[in-house]
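# Breakdown of the fold
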Amino acid sequence: MKAVAVAPKSHSLGLIELERPRLARPTDVLVRILDVGVCGTDREICAFEYGTPPVGSEQLVIGHEALAQVEEVGSAVTRVRPGDLVVPMVRRPCGQPECRACSEERQDFCYTGLFSERGIKERHGFMTELVVDDERYMNVVPRALREIGVLAEPLTIAEKALRQIDEVQTRLPWVCSHDIGKPANNCHRAVVLGAGPVGLLGAMALSATGYLVTVYSRERAPNAKSELLASMGLEYVCSLEVTPEQLAAKIGNIDVVYEASGASAASFELMRVLGTNGVFVFTGVPGRKAPITFDADFLMKRMVLQNQVLFGTVNADRGAFENAIAHLAEFDARWPKQVRGLITGRFAVAEHAALLQGKATGIKNVIELARAGR
């Protein structure tokens, strides 16, 4: 069967042939990959910035945002059955007995760094025809979400962040006041930095959770992203036209900044106006750029005196995947045109090189490996 793979040592990308995988354990599941999303991580791997093949292999099959259909299950499988649509998880535990996180199926918080990740680090990914994996890494997707199920994995970034924000903010009277018989009061303000797929999905999740959301990005409006946000009642502000200080003056106390750009300079500028008791969440990983300068004394003083919290978040556990799938269903009910509009291109496997190494276009591009399950 065919797969899209990189060879880091020879700096090559192309189609390779793999043997058809087979069930080996009672809890194994064989899935046929339907859709694989292309993201910045895939493009960076295909620029040979990182990406580690499995032990004993010169090549790494890429792709970690996947929607698949179950073809066959092992004798002990109970979570899924043939015909189910599933989204597979990405990270696998390190297996080290001293790592409490991995031992408790929270490999997204792995202590040792010896975890592996499908399509990224030491395990082949999903940009291939068939994959075998353990049932515990499969998350069932309702058939009604067939066209957008591939968005679940990038949405898990926001889902994990939202849960951590709530856990951090239990330190405060955080719940919005609510008069019985009246609509809930959206009292928390969030700024999303960046309008790529992670930012737009994050904006949707924040809005659905009850935040007043403003997306702050470089591209001047009107543009496709600003219009998509406006159609959902969410505000878009161009960072080239409005400074962080002006943004904060307009919005009021910024309770949450959800960074989804990977732009370190813009992030630290926006951190200057994070509100009292605010939380700043980093999700992006900056590329190889020149060092930046910022006023560390000002930021440290502000964080201390205003009880601010800064944290980074990566990968996701089962709970985040389940929340992402539930939120996709909610988005589909509230904003069906908009959530489908995030997928701006569907392409055949033969077009992989242009998507992975050419100029980035659209919002979210998807490679279709099979059309089953429609």
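Quick note: structure is the one above.
Throughout, residues of each chain are indexed from 1 in the direction in which the sequence is written. Only residues with pLDDT of 70 or above have their local features reported here, since the model is predicted, and side-chain atom pairs are shown and tallied only from 80 upward, although totals for entire chains, interfaces and linings are computed over all residues. The side-chain quantities take in all heavy atoms of the structure and omit both hydrogens and water.

### Considerations on the sheet that holds strand β12 (residues 189–193)
The condition is simple: Two strands form a pair only when DSSP identifies at least two bridges running between them. Counting from the N terminus, the helices are DSSP H or I runs at least four residues long and the strands are E runs at least two residues long. Interaxial angles span 0 to 180 degrees and are taken between N-to-C directions of axes, which are lines fitted to C-alpha atoms, for helices over the stretch in contact.
An order of β14-β13-β12-β15-β16-β17 is seen for the six strands of this open sheet, with the pairing classed as parallel. Where the open sheet ends on each side, the last strands, each with one partner, are β14 (235–238) and β17 (309–312). Pairwise comparison of adjacent strand axes, ignoring direction, gives a mean angle of 20° for this sheet. Sheet topology note: the strand β16 (residues 279–282)/β17 ladder contains four bridges and is parallel.

### Re the packing of helix α4 (residues 197–209) against helix α9 (residues 318–334)
Defined as follows: Should an angle fall under 35 degrees it is called roughly parallel, over 145 degrees roughly antiparallel, and 65 to 115 degrees roughly perpendicular, with every other angle called oblique. Any two residues having at least one pair of non-hydrogen atoms within 4.5 Å are treated as being in contact. Residues are grouped as follows: Ala, Val, Leu, Ile, Met, Phe, Trp, Tyr, Cys and Pro are nonpolar; Asp, Glu, Lys and Arg are charged; all remaining types, including Gly, are polar.
It is at 11 Å that the axes of α4 and α9 come closest, and there the two elements cross at 85°. With respect to α9, the element α4 is oriented roughly perpendicular. Contact with α4, carried on its side by L201, M204, A205, S207, A208 and T209, involves H327, E330, F331 and R334 of α9 and no other residues of that element. Of the residues contributing to the contact of α4 with α9, the split by class is five nonpolar, three polar and two charged.

### Some remarks on unusual backbone geometry
Residues A221 and P222 are joined by a peptide bond in cis, for which omega reads 0°. Positive phi is not limited to glycine here, since F48 has a value of about 65°. For F48, the location among the structural elements is in the loop between α1 (40–46) and β4 (60–61). The backbone phi angle of N307 is positive, close to 55°, even though this residue is not glycine. Relative to the helices and strands, N307 resides in the loop between α8 (296–305) and β17.

### Let's talk about the sheet that holds strand β7 (residues 91–92)
One open sheet accounts for three strands, arranged β7-β8-β9; its pairing is mixed. The open sheet terminates on both sides in strands that have one partner only, identified here as β7 and β9 (122–123). Bridge count between β7 and strand β8 (residues 116–118): two bridges; the pairing is antiparallel. Bridge pairing in β8 links R91 to E117.

### Digging into the environment of E135
Condition: Under the scheme applied here, a residue whose accessible area is under 20% of the maximum for its type counts as buried, over 50% as exposed, and between as partly exposed, the area being computed with a 1.4 Å probe on protein chains only. Any pair of nitrogen or oxygen atoms within 3.5 Å is treated as a polar contact; in protein, a donor-acceptor pairing is required on top of that, and neighbouring residues in sequence qualify only through side-chain atoms on both sides.
Of note, E135 is situated in the loop between β10 (130–134) and β11 (138–141). For E135, a relative accessible area of 9% translates into the label buried. For the pair formed by E135 and V80, sequence separation is 55 residues and the distance between their alpha carbons is 7.2 Å. In contact with E135, other than residues within four places in its own chain, are T27, V29, A76, V77, T78, R79, V80 and R318. From its side chain, E135 meets the backbone nitrogen of T78 in a polar contact 2.9 Å long. Here R79 takes part through its backbone nitrogen, which lies 2.8 Å from a polar atom of the side chain of E135.

### Digging into the side chain of D317
On the secondary structure map, D317 appears in the loop between β17 and α9. Dropping the residues within four chain positions of it, D317 is found in contact with M89, E105, R106, D108 and R163.

### Remarks on the state of the cysteines
To be explicit about the condition: Pairs of cysteine sulfur atoms within 2.5 Å are what we label disulfides.
Summed over the entire model, instances satisfying the criterion amount to one disulfide. Between the sulfur of C176 and that of C187 lies a disulfide, 2.1 Å long from S to S. The disulfide joining C176 to C187 has a torsion of about -85° about its S-S bond and is therefore left-handed. Residue C176 is located in the loop between α3 (152–168) and β12, and its partner C187 is located in the loop between α3 and β12; the two are separated by eleven residues in the primary sequence. Overall, C187 belongs to the partly exposed group, its relative accessible area being 25%. No disulfide involves C39; its sulfur sits 10.0 Å from the nearest other cysteine sulfur, which is in C46.

### Here's the deal with the packing of aromatic side chains
The following threshold applies: By convention, a stacked pair of Phe, Tyr or Trp rings (six-membered ring in the case of Trp) has centres within 6.5 Å and planes under 30 degrees apart, an edge-to-face pair has planes over 60 apart, and any other such pair is tilted. In this scheme, Lys NZ or Arg CZ marks a charge over a ring once it lies within 6 Å of the ring centre and within 35 degrees of the ring normal.
Scanning all chains against the criterion turns up four aromatic pairs. On the numbers, 5.9 Å between centres and 45° between planes, the contact of F268 with F282 is tilted. In this pair, F268 is assigned in helix α7 (residues 264–271) and F282 in strand β16, connecting sequence segments 14 residues apart. A ring pair is formed by F268 and F294, whose centres lie 4.4 Å apart and whose planes are at 15°; its orientation type is stacked. Of this pair, F268 sits in helix α7 while F294 is found in the loop between β16 and α8, placing the two residues 26 residues apart along the sequence. Judged by relative accessible area, F294 falls into the partly exposed class, the value being 41%. Every member of this aromatic cluster is reached through a ring pair, and the members are F268, F280, F282 and F294. The side chain of R91 reaches across the aromatic face of F115, ending 3.5 Å from its centre. Here the guanidinium or amino end of R272 rests over the ring plane of F298, the centre of that ring lying 4.3 Å away.

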